[in-house]
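Secondary and tertiary structure notes
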Amino acid sequence: MLLGLVMVITVVTYQQDTVTHKDSVPPPPVPAPAPPSPPPAAAPTIEQIRYMAGLKTATRGVAQIRDGVNRVVRTQQADSLTRRRAARRLGGLCVAARSFIVNGRPKMQATAYADSMRILAKQLTVRLDSLNAALLVCEKTAGKDPSTVATTLATRLKTYDDALLAFRTALKPDSTKTASQQ
């Protein structure tokens, strides 16, 4: 009788599939494939990396010039001692800015880029050279005539900012283009 009971249990359990694992929860739906992404931008060359490093160094000098000019402009309505301090500070900042620009500018070779980017890179370096030339005058005359020096530097800073904006805008990949246009 025991043998009969073992046979019945074996036959009943044999029909059940105990090898395959079945979840009680259905599998999650497969997400739709993502649309193709645009091809990645070309990696910058060593010369382009060097150009950008030089631009970063020169930009530190430009920020110092901007600070000095802003100090002189803010103190136009102040007392004479404050104006004199701002003028001397402008002269000192011109010296410091010139050292940053002189160190960064040689790395900025426009030949690192091609076509229209080369033209924009060249314009940027020309504007930076113009700003650097004005710094020699700034060092010598900022203490004597700060408003004229500040006006001259503000004009040169504006042209430099315009060239920098054009260069950086051209560097960014155009996000409005579709994958088929690229």
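This text gives an overview of the structure that appears in the document. (Residues numbered from 1 in each chain as written. Predicted model: local features only at pLDDT ≥ 70, side-chain atom pairs only at ≥ 80, totals over all residues. Heavy atoms only, no water.)

Within the largest apolar cluster, 34 residues are counted, with the highest numbers of intra-cluster contacts made by Ile65, Leu90, Leu124, Leu153 and Phe167. Elements with a minimum of two residues in this core: helix 2 (46–74), helix 3 (80–104), helix 4 (115–141) and helix 5 (146–171). Contact partners of Ile65, with chain neighbours within four places excluded, come to Leu90, Ala97, Ile101, Leu131, Leu135, Leu153 and Leu157. (Core = buried A, V, L, I, M, F, W, Y, C linked by side-chain atoms within 4.5 Å. Buried < 20%, exposed > 50% of the residue type's maximum accessible area, 1.4 Å probe, protein only. Helix = DSSP H or I, 4+ residues; strand = E, 2+ residues; numbered from the N terminus. Contact = heavy atoms within 4.5 Å.)

What follows covers the environment of Leu128. Checked against the element boundaries, Leu128 lands in helix 4. On the accessibility criterion, Leu128 (0% relative accessible area) is buried. As a C-alpha pair, Leu128 and Ala163 span 35 residues in sequence and 9.3 Å in three-dimensional space. Apart from the residues within four sequence positions on either side, Leu128 is in contact with Ala58, Val62, Ile101, Arg105, Met108 and Tyr160.

Residues other than glycine seldom take positive phi values, yet Asp115 does so here, at roughly 55°. Along the chain, Asp115 turns up in helix 4.

Our next topic: the state of the cysteines. Throughout the structure, instances matching the rule amount to one disulfide. Each sulfur of the disulfide joining Cys94 and Cys138 lies 1.9 Å from the other. Judged by the sign of its S-S torsion, about 70°, the cystine formed by Cys94 and Cys138 is right-handed. Highlighted residues: Cys94 in helix 3 and Cys138 in helix 4, separated in sequence by 44 residues. (Disulfide = S-S within 2.5 Å.)

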